[in-house]
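Next come the chains, spelled out residue by residue.
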Amino acid sequence: MDPRLAADRDALPHLLDTVRQHATEVLGRIADRKVIPTQVLPEPDPLPELGTGLREALDDFTSRWEPVLSASAGPRYLGFVTGGATPAALAGDWMTAAWDQNPISSLDGAGQHLERETITWVRELIGLSDQHHGAFVSGATMSNIVGLAIAREWLGECKGVSPAECGTAALGAVQVLSGTAHSSVPKGLSVLGLGRQALTHVPTLPGREAVDLVALEQALNQVGGPCVVVANAGTVNTADFDNLRAIAAMREHHHFWLHVDAAFGAFAALAPARAHLVEGLDLADSICVDLHKWLNVPYGSAVQFTQRRDLQTRVFQNTAAYLGPLGDTPDLVNLTPENSRRLRALAAWFTLRAYGRDGHREIIERSIACACALGDVVTDIPGLRLLAPVRLNVVCFTLAEDPTTERLAALAKHIADKVFLTPTVLDGVPALRAAFSNWRTTKTDTDRIAAVLENAVRVL
Ligand SMILES: *Cc1c(COP(=O)(O)O)cnc(C)c1O
């Protein structure tokens, strides 16, 4: 054994304690460090031919790379839709690496059973019935891709062919209708061989990102045959919601697969005052739910739900002599694009076990309260203009005067060491958005953000 490797093995208890101590210091300062660092990037180092052991690797990481990492795990990183990691989720992630399981089959321990238990918890958390089967994937993009892959197989079933067996050419042109689809949907269509052009934008309601039901009905009439509808439960810009129940009801007269992208919106189900937004979610054929956003587990965690596991295994079955037959409860290797992978469920398992539905409801409701409070602040600051009512956890706003992309970028840059917001364009208007989803964020942070914004607008 390499001597440094052997030394690290022998000193492992001590070394892990050092790492733990370091992580504790990092997290202890996470709320106070610059949200977006301004230091210059380090020059790339050559591949170490001779290693120097864990201790020096940690020192090198600490000095070269830590100063240029963002405080995305902290309370005032409001870009994209970014969760942190609850204490229990972090512990679960550490244990994931410590145990280093590959939970894709039943051959070697109970990993996949733990994943199934966690899937059931997530399903109940967001109010889905047991008609839905879930599987862990790496993120909402992958969840959308898996959902659309099952939809593709369903389109084949309607035509009496299997695209999984004969390729997508057998389908002919495919139509995917959506109001405000997330960018991962066209990406997914590209990956799946259906093509980005398969996506048809259906008009949304005036001043909204929610799909216009009359326009959707017209689009469905125009398509005539089987197609796919991607409904959106929580749009990135304004957290707007399609009317899921009404869309699902259109299946009485139209033949379509209903995929719902509820990446972060699904968590509205936890807040009694917002649960109506996801009414009808259970009626979907496939659903995307992200966990590394609002469930606050570390990156690399989302769930894909579907009512058609038979179609799912047709697409993703991984037949090999050393793996068992599909059976009624297929091994996880047959459900998603990945084969070998980490025990993805464990961080979610830990946080749900530790804080339960109630603890996570509190996080969701606090995020919403913070967003509403910031929405009020934006309304009150004369130089700013709120672009949409705060429906959930996202505040979308712009400058009251001369809202150019450049001026908004200057504003975002000016405040980026204290609060990180991401730019967008809403209905042609350049804007900024603040998305609240980190478990650490409190009213104190919102007050601080309000002060920072007010000051920045004044000096802009
Ligand atoms: C974040 C998001 C995605 C993509 O999720 P990743 O985890 O980045 O892959 C898809 N849809 C919606 C609505 C999202 O908010």
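Here is a short report on the structure shown in this document. Counting from 1, residues in each chain are numbered in the order their sequence is written. The predicted origin of the model limits local features to residues at a pLDDT of at least 70 and limits the giving and counting of side-chain atom pairs to 80 or more, whereas totals for whole chains, interfaces and linings rest on all residues. Hydrogens and waters are ignored; side-chain quantities use all the structure's heavy atoms.

## Side note on the sheet that holds strand β11 (residues 429–435)
Part 1 of the argument: Note on pairing: DSSP must find at least two bridges between two strands before they are called paired. In DSSP terms, a helix is any run of H or I states spanning at least four residues, a strand is any run of E spanning at least two, and both are numbered starting from the N terminus. With respect to topology, four strands assemble into an open sheet ordered β8-β9-β11-β10, the strand pairing being antiparallel. Unpaired on one side and paired on the other, β8 (384–386) and β10 (422–426) mark the two borders of the sheet. When the angles between neighbouring strand axes are averaged without regard to direction, this sheet yields 40 degrees.
Part 2 of the argument: Across the sheet, helix α12 (residues 345–380) is in contact with β8, β9 (394–399) and β11; its angle to β9 comes to roughly 15 degrees. Where helices are involved, their axes are fitted lines through C-alpha atoms of the stretch in contact, as for all axes, and angles between N-to-C directions lie from 0 to 180°. Contacts between residues were defined by any pair of non-hydrogen atoms, one from each residue, lying within 4.5 Å.

## Considering the site of the ligand
Part 1 of the argument: Being near a molecule or strand, for a residue, comes down to having at least one heavy atom within 4 Å of it. Not every one of the 14 residues close to the ligand is listed here, only the nearest: Thr 141, Asp 261, Asp 290, His 292 and Lys 293.
Part 2 of the argument: Contacts to the ligand include Ala 140, whose backbone N or O atom sits 3.1 Å from an oxygen atom.
Part 3 of the argument: The contact in question runs from an oxygen atom of the ligand to an N or O atom on the side chain of Lys 293, over 2.8 Å.
Part 4 of the argument: With the chains in place, 83% of the 380 Å² that the ligand exposes on its own is no longer accessible.
Part 5 of the argument: Per-element tally for the shell around the ligand: the top contributor is helix α6 (residues 140–159), with three residues.
Part 6 of the argument: Under the scheme applied, nonpolar residues are Ala, Val, Leu, Ile, Met, Phe, Trp, Tyr, Cys and Pro; charged residues are Asp, Glu, Lys and Arg; polar residues are all the others, including Gly. Of the residues contributing to the shell around the ligand, the split by class is four nonpolar, seven polar and three charged. Throughout this description, a polar contact denotes any pair of N or O atoms lying within 3.5 Å of each other; where both atoms belong to protein, one of them has to be capable of donating a hydrogen while the other can accept it, and for residues adjacent in sequence the pair is counted only when both atoms sit in side chains. Note on areas: these come from Shrake-Rupley sampling with a 1.4 Å probe, and a residue is covered only by the protein chains present in the view.

## Structural notes on the packing of aromatic side chains
Part 1 of the argument: What counts as a ring pair is set by centres within 6.5 Å for rings of Phe, Tyr and Trp (its six-membered ring), and what kind of pair is set by the plane angle: stacked under 30 degrees, edge-to-face over 60, tilted for all other angles. Inspection of every chain in the model, using the stated rule, returns five aromatic pairs.
Part 2 of the argument: Centre to centre, the rings of Tyr 77 and Phe 420 are 4.7 Å apart; their planes meet at 40 degrees, and the pair counts as tilted. One end of the pair, Tyr 77, is in the loop between α3 (53–65) and α4 (87–99); the other, Phe 420, is in the loop between α13 (405–415) and β10, with 343 residues separating them in the sequence.
Part 3 of the argument: Taking the centre distance of 5.4 Å and the plane angle of 70 degrees together, the rings of Trp 349 and Phe 350 count as edge-to-face.

## Things to note about the packing of α4 against α12
Part 1 of the argument: The interhelical angle for the contact between α4 and α12, taken along N-to-C directions, is 145 degrees, at an axis separation of 7 Å. For α4 against α12, the interelement crossing comes out right-handed. Along its contact with α4, which presents Pro 87, Ala 88, Ala 89, Ala 91, Gly 92, Asp 93, Met 95 and Thr 96, the element α12 presents Leu 346, Ala 347, Phe 350, Thr 351, Ala 354 and Tyr 355.
Part 2 of the argument: Residue classes in the contact of α4 with α12 are distributed as ten nonpolar, three polar and one charged. If you view the pair so one helix is near and one far, a crossing is left-handed when the near helix is turned anticlockwise from the far one by less than a right angle, and right-handed when it is turned clockwise.

## Quick look at unusual backbone geometry
Part 1 of the argument: With a phi close to 50 degrees, Ala 239 is a non-glycine residue in the positive phi region.
Part 2 of the argument: Of note, Ala 239 is situated in the loop between β4 (227–232) and α10 (244–249).
Part 3 of the argument: Under the scheme applied here, a residue whose accessible area is under 20% of the maximum for its type counts as buried, over 50% as exposed, and between as partly exposed, the area being computed with a 1.4 Å probe on protein chains only. Judged by relative accessible area, which is 0%, Ala 239 ranks as buried.
Part 4 of the argument: Positive phi, normally seen in glycine, also occurs at Asp 427, with a value near 55 degrees.
Part 5 of the argument: Along the chain, the position of Asp 427 falls in the loop between β10 and β11.

## A closer look at the environment of Asp 45
Part 1 of the argument: Examined against the element boundaries, Asp 45 turns out to sit in the loop between α2 (12–28) and α3.
Part 2 of the argument: For Asp 45, a relative accessible area of 48% corresponds to the partly exposed category.
Part 3 of the argument: Once residues lying within four places of it in the same chain are set aside, the contact partners of Asp 45 are Asp 60 and Arg 64.
Part 4 of the argument: One polar contact links Asp 45 to Arg 64, side chain to side chain, over a distance of 3.3 Å.

## Digging into the pattern of salt bridges
Part 1 of the argument: Each reported salt bridge corresponds to a side-chain nitrogen of Lys or Arg within 4 Å of a carboxyl oxygen of Asp or Glu. Overall, the coordinates contain 24 salt bridges when judged by the stated rule.
Part 2 of the argument: We note a salt bridge from Arg 76 to Asp 445, for which the minimum N-O separation is 3.1 Å. With Arg 76 in the loop between α3 and α4 and Asp 445 in helix α14 (residues 443–459), the pair connects residues that are 369 residues apart, well separated along the chain. Of the two residues examined, Arg 76 and Asp 445, each falls in the buried class.
Part 3 of the argument: Each of Glu 153, Glu 157, Arg 308, Asp 310 and Arg 314 takes part in salt bridges that share partners, so that together they form one network.

## Some thoughts on helix α5 (residues 111–125)
Part 1 of the argument: By definition here, a helix of n residues has an expected span of 1.5 Å times n minus one. Helix length check: α5 (15 residues) gives 21 Å between terminal C-alpha atoms against 21 Å at 1.5 Å per residue, within 8%.
Part 2 of the argument: Along α5, the residues classified as buried are Gly 111, Gln 112, Glu 115, Thr 118, Ile 119, Val 122, Arg 123 and Leu 125. The arc that holds the buried residues of α5, viewed along the axis, is 155 degrees, so those residues lie on one side.
Part 3 of the argument: Of the surrounding elements, those touching the buried residues of α5 are β1 (133–137), β7 (302–306) and α12.
Part 4 of the argument: Among the residues trailing α5, Gly 127 stands out with phi positive, at a value near 75 degrees. Here the arc refers to the directions that run from the helix axis out to each C-beta atom.

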